[in-house]
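# An overview of the molecular structure
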Amino acid sequence: METAQPWATGPAGGTGSAQTEAGAPPDALDHRAALSSLLPVSMTCAGCWTAKTPFPIVLQGRARRDAEVPGVGRGCKGGGAVPAAGVMPTFQFLPFLALLGTLGFLCVVFTGFWSQHWRGGFAWDGSAKMFNWHPVFMVTGMLVLYGGAVLVYRVPSSWVGPKLPWKLLHAALTLAAFVLVVLGLVAVFGFHNAQNIPNMYSLHSWLGLAAVLLFSCQWLMGFATFLLPWSPAWLRIIYKPIHVFFGSTILALAMAASISGINEKLFFSLTNKTVPYAKLPPEAWFANSLGMLILAFGLLVLWALAMPAWKRPESLEAQQPLLH
Ligand code: HEM
């Protein structure tokens with residue numbers, strides 16, 4: 001019984017013809033198996049069914065419901081080409097992006113509200129108010145902006161047409177994130193130096209600095225390899241999987257640094273002399289929730305990066321030179 005497979009959802013869902021799984025031509029099965037790895041679960045292959053897709057797909061810029069994809073016409077008999085080129089699932093990812101946007105916005109708002117409401121607000125004068133910029137800049141830059149930047153190539157419209165504008169957008173967003181990260185570090189080092197507090201002693205600071213150093217190398221290497229015109233094609237091909245791996249690693253480190261930083265700040269601030277952390281005062285509730293929001297945001301970005309259906313199809317990758 002193959003009801004768990006994508007092709008079983010079309011006619012059963014009432015969107016296609018009266019053809020049933022049992023009535024599918026046997027030589028179409030291989031073809032459908034290949035398609036199932038390309039199409040999101042709720043889409044139906046019209047090459048093997050006369051079915052229509054339950055959601056619009058965009059084919060060479062035009063949204064349509066009938067999956068008349070090149071090479072997968074009704075008579076494909078299983079030997080037709082798999083329709084990687086030109087097929088873009090526009091649904092699922094965009095609502096997911098909206099959810100991520102909301103979560104990211106909440107992360108920034110929660111961080112700002114915590115610093116403003118419970119930690120005395122903001123200043124740039126070497127005081128504890130200067131420190132308060134540190135979490136705000138770090139969460140905004142290293143987590144939310146960076147998290148958005150790494151998803152640029154998952155936007156379906158980036159799969160067709162010239163790649164260069166998307167590369168520039170990716171580079172610009174990560175650069176903006178990097179500027180915020182530098183400001184966040186200046187805020188915390190400036191505060192420590194003004195108050196004679198030792199630097200770089202905590203696990204949080206080591207994790208954080210590792211994330212920032214990797215991020216700097218990643219940006220420079222990405223710029224030199226993918227944007228400079230004289231970088232050789234073999235280097236781009238070899239370096240790309242490394243860049244992708246470290247892209248996720250840096251986000252994971254940023255999550256670890258943010259969560260450990262929140263915990264450390266709570267231990268520093270909610271001492272037994274004031275309101276003990278162990279009594280779980282409202283500030284602790286709030287900041288713990290911020291940590292959980294950061295965790296949810298980061299994990300969802302990592303999940304989106306790993307989803308095969310949201311990756312640019314390999315065939316399109318081969319069609320578009322890495323430089324353009
Ligand atoms: C990706 C995000 C973050 C990175 C990369 C990061 C990085 C760093 C670094 C490198 C330091 C050492 C500064 C020094 O030694 O003078 C530091 C200090 C500190 N950070 Fe963060 N941070 C991040 C997020 C946060 C967040 C969200 C908080 C929450 C309040 C926080 C709280 C602190 C605290 C309390 C210190 C001073 C104590 C210490 O050195 O550990 N950080 N951070």
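Residues numbered from 1 in each chain as written. Predicted model: local features only at pLDDT ≥ 70, side-chain atom pairs only at ≥ 80, totals over all residues.

Even without a glycine there, the phi angle at N196 is positive, about 55 degrees. Looking at the element boundaries, N196 is found in the loop between α6 (164-194) and α7 (203-227). If you check the backbone angles, M200 has positive phi at about 55 degrees while not being a glycine. Along the polypeptide, M200 turns up in the loop between α6 and α7. (Helix = DSSP H or I, 4+ residues; strand = E, 2+ residues; numbered from the N terminus.)

What follows concerns the confidence of the model for the protein chain. On average, the protein chain scores 78 in pLDDT, and the residues at 70 or more come to 69%. Contacts for the low-pLDDT stretch residues 1-90, under 50 throughout, to residues beyond four places or in other chains number 149 contacts. (pLDDT = per-residue confidence, 0-100. Contact = placed C-beta atoms within 7 Å.)

Moving on, we come to the site of the ligand. Residues in close proximity to the ligand total 26 residues, the closest being M138, S202, S205, G208 and G261. Secondary structure elements with two or more residues in the shell around the ligand: α5 (133-150), α6, α7 and α8 (233-269). Of the residues forming the shell around the ligand, the biggest block, eight residues, is contributed by α8. Taken together, the residues that form the shell around the ligand break down as 15 nonpolar, nine polar and two charged. (Near = placed C-beta within 6 Å. Nonpolar A, V, L, I, M, F, W, Y, C, P; charged D, E, K, R; others polar.)

On to α6. With 31 residues, α6 extends 44 Å between its outermost C-alpha atoms, agreeing within 8% with the 45 Å of an ideal straight helix rising 1.5 Å per residue. Every buried residue belonging to α6 is among K167, H170, T174, A177, F178, L180, V181, G184, A187, V188 and F191, and all of these are buried. Here the buried face of α6 lies against α4 (128-131), α5 and α7. N196 occupies a position one or two residues after α6 and carries a positive phi of about 55 degrees. (Expected span 1.5 Å × (residues − 1). Buried ≥ 20, exposed ≤ 12 C-beta atoms within 10 Å, placed from the backbone.)

So, about the packing of α8 against helix α9 (residues 282-306). Remark: α8 packs on α9, axes separated minimally by 10 Å, with the N-to-C direction vectors making an angle of 175 degrees. It follows that α8 is roughly antiparallel to α9 by the angle criterion. Residue-level contacts link S248, L251, A252, M255, S258, I259, I262 and L266 of α8 to A284, A287, L290, G291, I294, L295, G298, V301, L302 and L305 of α9. Classifying every residue of the contact of α8 with α9 gives 14 nonpolar, four polar and no charged. (Axes fitted to C-alpha atoms, helices over the stretch in contact; angles between N-to-C directions. Parallel < 35°, antiparallel > 145°, perpendicular 65-115°, else oblique.)

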